[in-house]
Structures are given as structure tokens and as C-alpha cells.
Amino acid sequence: MSDTASNRATIYYDDTSELVSLAGSSVSAESIGYGQLRGMGAFSLAGLMSTLPADTGINLFAENYAISAGRNPPDTVTLIAGGQDASLVTGRMIKLGWKKDADGTLAAPSLGTARGDGAEYALTMVKVEPENSDVLVGGGSSANLSQIGSPSGTTLADDPDISALAGCLGNVVAATMFSGSSAFITADPTEVAVGIRQPASATARPHAVVCVSWPSQALADTYEANVRKALSTGLSPQLDERFSAVLPHVTVTSVGGNEHVVEWQADPSNVETVFDMLNSEALPALPNCSKVTPAQAEQIIGCG
């Protein structure tokens, strides 16, 4: 994917083939264990998993992996990599009312003219481009599909922070990254990455890894001290209990480097725990202090 500010803002990834080998491809099992992570890389479509194959020809369970990037809406772009039939997807989308542009991209109809259940897909699949066994999806009218697949110019893999955090995460079955936000009262990290490492088996306890890059080593050192304290004795504003109770077996490491990366790992009981903390702006030592009362803020490390 192209290295743009929008694409760095939010990135979702999942190793679908590995997750399916762990949890199967039954939709009824999607809320159990590692099955919860299937489709995370195509997060805007994951809620439609059960109807996508019949209606659009797209089968998320058949993909090798998926990755989405960009602020959403309307800039999100998604690569559904492998396992798809381009002619089938094209035929199904045209049947729903999508029209093929001169460049081969399928453009969604207006909500009022979509056929059958097409209106539901027109909200999240404004642009669709089947390419051999892959499908490219744009979540809005400004989504640029040329940024995914084999884009020209600098890619996210070339970006120093993205590359450093990907290396820090290691072999993960699902991950998300986002750029630092002013919501973080302690200081603005450059990029935050959260992932679940590939487990040895479907019944293995999840192993979470969180990596944060910073503009300077001084800020990284402050965060490292805060996160050590938060993981040891801090209170989770999201769960109203100690982080140590929900994030056992913690290790904290100063990775350093030019991107000033700090990493911590833990073994939560649920695969979604750290992702929920990220989405709630309630990661240890990276709280959104505007979401709590002044009295609560006094008890939360990173708000003081």
C-alpha cells in the first residue's frame, strides 16, 4: 500500500488462512476464540461475512490475508488477497447494480437504485476491482485503488515507523496500527501497533504484543516508565480493574532504534482484549483522559 498520511492513520491486517486453520470457516463460530479475528483485515466487510459469498462472490474465509488502510470513510482501501474469482465477483456486483468504468473498476449505484440487498454493500463497497484471485475495495468515493496491490512510489513497508513496528510485532495473525493522536495526554506517539502472535494451537492462550514509536527517546523513556507502572499497579479506566488482572505475564522492552520503539507483551484471556483497549483509547499509559472524571484521572497513569 502507498505510504500516505491517510493510510498510516489506520491499518488493519489479518492472516485469514492461518485463522481459518485454527478456527474453521463456520460463521457460527466467529465469536469464539481466534475466530473473532477472522476478517479483521477487511474490517468494513467482516460483518457481512455470511452474505458476501452468495451476493457478491467475495469469500473472506477463502482469502490468504486481508489488509485495509486509510481514514474511514471515505478513504479506506482494502486488499482481499487470494482465493477469489474475478469473473464471479464482477458478474455478481453488476447484478447488484455496480457499473464498470473505463478502467475496469466497478462503481456502486446510488443507494436508491441498488438492486436487492445492494444498498447494504453500497455503503462500504463504493469501488470494487477484481484482479485475478484478488479483490480491491474502496470504502468511499475518494478511495484510490491504485494505492493497493502493486502501487508506484513509496509504500507502507518503506516507511521507517511502519517497518519498525511490523518487525516489533513479529509473526502475528491479526494486527492494527494507527498514528498518534492528541487524545493521548502524556504525549503524542508517532505510531501505535497492537497484534496477536500466531498461536501454537487453537486452544493456546492469546499472546498480545503492543509496540509504540515516539518522536524522541526522551518521550519513549517517559512512556516506558509509565507503562511499566501501569501494567504493574495501574487501573484500567475501561474495565475498572487493575491491568495486571487482565494482562498477566507482562514483559516490557525498550527496543529503541531511530524510531524509539517501546514494546510490551502479555497473555490476556481473550484475543480481543488489547484491540478493545486500543479502540476505547484505554491502552496502559496511553489513556484518553477526557473520557474520565477528574477524580478518576488522578488514579490513571498517564493522566496525572
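Here is what the cut-offs are and how they apply
Residues numbered from 1 in each chain as written. Predicted model: local features only at pLDDT ≥ 70, side-chain atom pairs only at ≥ 80, totals over all residues. Heavy atoms only, no water. Helix = DSSP H or I, 4+ residues; strand = E, 2+ residues; numbered from the N terminus. Contact = heavy atoms within 4.5 Å. Phe/Tyr/Trp six-rings, centres within 6.5 Å; stacked < 30°, edge-to-face > 60°. Buried < 20%, exposed > 50% of the residue type's maximum accessible area, 1.4 Å probe, protein only. Core = buried A, V, L, I, M, F, W, Y, C linked by side-chain atoms within 4.5 Å. Disulfide = S-S within 2.5 Å. Lys, Arg positive; Asp, Glu negative; His and termini not counted. Salt bridge = Lys/Arg side-chain N within 4 Å of Asp/Glu carboxyl O. Polar contact = N/O pair within 3.5 Å; in protein donor to acceptor, adjacent residues only side chain to side chain.

J.: What exactly am I supposed to notice about the environment of Leu-231 here?
T.: Inspection of the secondary structure assignment puts Leu-231 in helix 8 (residues 217-233). Residues Leu-231 and Phe-243, twelve residues apart in the sequence, show an inter-C-alpha distance of 5.4 Å. Filtering out sequence-adjacent residues up to four positions away, Leu-231 remains in contact with Phe-243, Ser-244, Leu-247, Val-250, Val-252, Trp-264 and Pro-284.

J.: Would you take a moment to explain the packing of aromatic side chains for this structure?
T.: The description of an aromatic ring pair rests on the distance of the ring centres and on the angle between the ring planes. Counted by the stated rule, this structure contains three aromatic pairs. With a centroid separation of 6.2 Å and 45 degrees between ring planes, the pair formed by Tyr-13 and Tyr-65 is classed as tilted. One end of the pair, Tyr-13, is in strand 1 (residues 10-14); the other, Tyr-65, is in strand 2 (residues 65-69), with 52 residues separating them in the sequence. What makes Tyr-13 partly exposed here is its relative accessible area of 24%.

J.: What is the right way to look at the nonpolar core in this model?
T.: Generally speaking, nonpolar side chains in soluble globular proteins are found buried as a group. Counting 37 residues, the largest nonpolar core has Leu-37, Ile-196, Tyr-223, Leu-247, Trp-264 and Leu-283 as its most contacted members. Mapped by element, the contributors of at least two residues to this core are helix 2 (16-23), strand 8 (172-179), strand 9 (191-197), strand 10 (208-213), helix 8, helix 9 (243-246), strand 14 (261-266) and helix 10 (273-279). It is helix 8 that contributes the most residues to this core, five residues altogether. Formed by 23 residues, the second largest nonpolar core is a distinct cluster that contains Ile-67, Leu-79, Leu-156 and Val-172.

J.: So what exactly am I meant to see when it comes to the state of the cysteines here?
T.: Defined simply, a disulfide is a covalent bond joining two cysteines at their sulfur atoms. This structure, assessed with the given rule, holds one disulfide. Here Cys-168 connects covalently by a disulfide to Cys-211, the sulfurs 2.0 Å from one another. Across the S-S bond linking Cys-168 and Cys-211, the dihedral sits near -80 degrees, which makes this disulfide left-handed. Of this pair, Cys-168 sits in helix 7 (residues 160-169) while Cys-211 is found in strand 10, placing the two residues 43 residues apart along the sequence. Residue classification places Cys-168 among the buried positions, given a relative accessible area of 10%.

J.: What is the right way to look at the side chain of Glu-259 in this model?
T.: Tracing the backbone through its elements, the reader meets Glu-259 in the loop between strand 13 (251-256) and strand 14. Of the side chains with opposite charge, Arg-8 lies nearest to the buried Glu-259, which makes no salt bridge, at 12 Å. Sequence-distant contacts of Glu-259, that is, excluding residues within four places in its chain, are made with Pro-160, Asp-161, Ala-164, Ser-213 and Trp-214.

J.: How do you make sense of the side chain of Arg-38 when you look at a structure like this?
T.: One can find Arg-38 in the loop between helix 2 and helix 3 (43-46). A relative accessible area of 3% means that Arg-38 is categorised as buried. Engagement of the side chain of Arg-38 in a polar contact is seen with the backbone oxygen of Ser-26, the distance being 3.2 Å. Among the polar contacts listed, one links the side chain of Arg-38 to the backbone oxygen of Gly-35, at a separation of 3.1 Å.

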